[in-house]
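Analysis of the macromolecular model
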Amino acid sequence: MSQLKKILKRIILVSLFLLASVGSILALNSQNLQPPPTIIPPSFFGMHVHHVAIQPRHIKQITPWPNVPFSQLRLWGAYVTWAQLEPEPGKWNFQLLDKYINIAEKHNVELLLTLGQSPPWASARPSDRSPYRPGWPAEPKNIEDWRNYVRTVATRYKGKIPYYEIWNEPNLKHYFSGTGKTMLNLSKEAYQILKEVDPNIKVVSPSMTTVEEGLVWLEEFLRDGGKNYIDVIGYHFYVPSEPPEKMLSEIMQVKKVMTKYGVEKIPLWNTEAGWLGKEPFKDEQKGAAYVARAYILNWLAGVERFYWYDWDSPVGLQLNMTAEDAKTLTPAGIAYGQIQKWLVGAKMESCNSNWRKIWMCQLTRDNNYQGWVVWYPEGKLDFQIPQEWGITQVSNLAGDSDKLSGLKLEIGSLPLLLDS
């Protein structure tokens, strides 16, 4: 009976969150969000690069280091899970993670290492299924094995890995098959050990995903005391086949839960998100538009860091930033670099859509610079540029700029930068 009560409670919570989602979407249509008052830092732009240090059998070549900038690299899908670092008890293999350390130092990027994925010898349920190997999703059967793993890694890489994320998507059974309370205990143990090894380490919460189950997990985690063992909230704001504007309502729901449990002032990071549509965009320019709008809107909603998934896409992803040679940029890859040029170092003064669903985001910089990023997500239309903006040129996400003649401009789903 107690199990039935838990199931009914979870169903009720999910239903309430779905109702809240509808309310949040309506609210976004009726009021403007206020962007953060700070200058957009380079650290806002993060990335996943899976094959820069290793060439698995199904990959043709090592990925060359990306030729667009980013300052943050998340190590997930990078072959450095617990199961891969300690395949047998006490037998460690740090060769690959050492390579990532050297690469990060060479390119001046900071690393976020996602902990977890139990090796079969340590797994509480060695037969539990996962996208990788059996047993990986389960918690360790002996908490001392977890403590030893966290302490060993943190000690070896003290001063070299500044950020640790407790676990990847624990609300999905194929990534974590244990209970919320078990994850809370793993978080507590990891947090205490990481801070003992190096008080400067920042600990990111287990990164939930999906707007339904993920929010339930997050609320239970914070309510039961998880807020005492984190420095950052990690979440994956995927909106599978929806436009990036849908991320706004999901981000605001997460922030509402954060406020409820008194952690609204700690950073919120989107530690993994990208395009999960079943097919690639037929027009590659729409892929570029998706990337740029996702970054603009995440900053608008108060996300302080966004790790794009990913650079060298594995099987299953449909928005590639490079061609098959892993170095020739697609329009999406070019847009990732270009949107940084538009945003980093600027302050977003305002960003909203009007009654015509035209988005207008004002950017300012030193020396009285003003610019506006504009787009229309639902097709093409003529946009009348306000004369008081003082616009003289228009730039696109391919890096091209043209002088503006007149105040009427055709806009569409691809953001344009208007400035002088």
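For the structure itself, look to the data block above.
Just so it is clear, the model here is predicted, and its values are computed rather than measured. (Residues numbered from 1 in each chain as written. Predicted model: local features only at pLDDT ≥ 70, side-chain atom pairs only at ≥ 80, totals over all residues. Heavy atoms only, no water.)

This brings us to the overall build of the protein chain. Secondary structure summary: the protein chain contains nine helices and 17 strands in total. Expected size for 420 residues packed as a compact globule is a radius of gyration near 22 Å; at 22 Å, the protein chain falls within 12% of this value. If you line up the protein chain on its principal axes, its C-alpha atoms span 70 × 50 × 40 Å. Taken across its 420 residues, the protein chain has 54% of its residues classed as buried. A total of about 19,000 Å² of accessible surface is found on the protein chain, and carbon and sulfur atoms cover 51% of it. One way to put it: in the protein chain the 45 positive side-chain charges average out to a point 4 Å from where the 42 negative ones average out. (Helix = DSSP H or I, 4+ residues; strand = E, 2+ residues; numbered from the N terminus. Rg over C-alpha atoms; globule rule 2.2 N^0.38 Å. Buried < 20%, exposed > 50% of the residue type's maximum accessible area, 1.4 Å probe, protein only. Areas by Shrake-Rupley, 256 points an atom, 1.4 Å probe, with all protein chains shown as cover. Lys, Arg positive; Asp, Glu negative; His and termini not counted. Charge placed at Lys NZ, Arg CZ, Asp CG, Glu CD.)

This next bit is on the state of the cysteines. Applying the stated rule across the entire model yields one disulfide. In this model Cys351 forms its disulfide with Cys361; the gap between the sulfur atoms is 1.9 Å. Taken together, the residues span a long stretch of sequence, with Cys351 in strand S10 (residues 347-353) and Cys361 in strand S11 (residues 359-365) at a distance of ten residues. Across the pair, exposure class does not vary: Cys351 and Cys361 are buried alike. (Disulfide = S-S within 2.5 Å.)

The interhelical angle for the contact between helix H7 (residues 247-260) and helix H8 (residues 284-300), taken along N-to-C directions, is 30°, at an axis separation of 10 Å. Our classification of the angle between H7 and H8 gives roughly parallel. Note that H7 runs across H8; the crossing there is right-handed. In contact with Met247, Leu248 and Ile251 of H7, H8 contributes Tyr290, Ala294, Leu297, Asn298 and Leu300. (Axes fitted to C-alpha atoms, helices over the stretch in contact; angles between N-to-C directions. Parallel < 35°, antiparallel > 145°, perpendicular 65-115°, else oblique. Left-handed = near helix turned anticlockwise from the far one by under 90°. Contact = heavy atoms within 4.5 Å.)

Let's shift gears to the side chain of Arg293. Checked against the element boundaries, Arg293 lands in helix H8. Among the polar contacts made by the side chain of Arg293, one reaches the side chain of Glu245 at a distance of 2.9 Å. If sequence neighbours within four positions are ignored, Arg293 has contacts with Pro243, Pro244, Glu245, Trp375, Pro377, Ser413 and Pro415. (Polar contact = N/O pair within 3.5 Å; in protein donor to acceptor, adjacent residues only side chain to side chain.)

Let's shift gears to the sheet that holds strand S8 (residues 268-273). In spatial order, the strands read S5-S4-S3-S2-S1-S9-S8-S7-S6; together these nine strands make up an open sheet with parallel pairing. In this open sheet, the two edge strands, each paired with only one partner strand, are strand S5 (202-204) and strand S6 (208-209). Note that S6 and strand S7 (residues 233-236) share two bridges and pair parallel. Bridge pairing in S7 places Thr209 opposite His236. Lying over the sheet, H8 contacts strand S1 (45-47), S8 and strand S9 (305-308), oriented at roughly 160° with respect to S9. (Pairing = 2+ DSSP bridges.)

Geometric descriptors of this kind do not, in isolation, establish any biological role.
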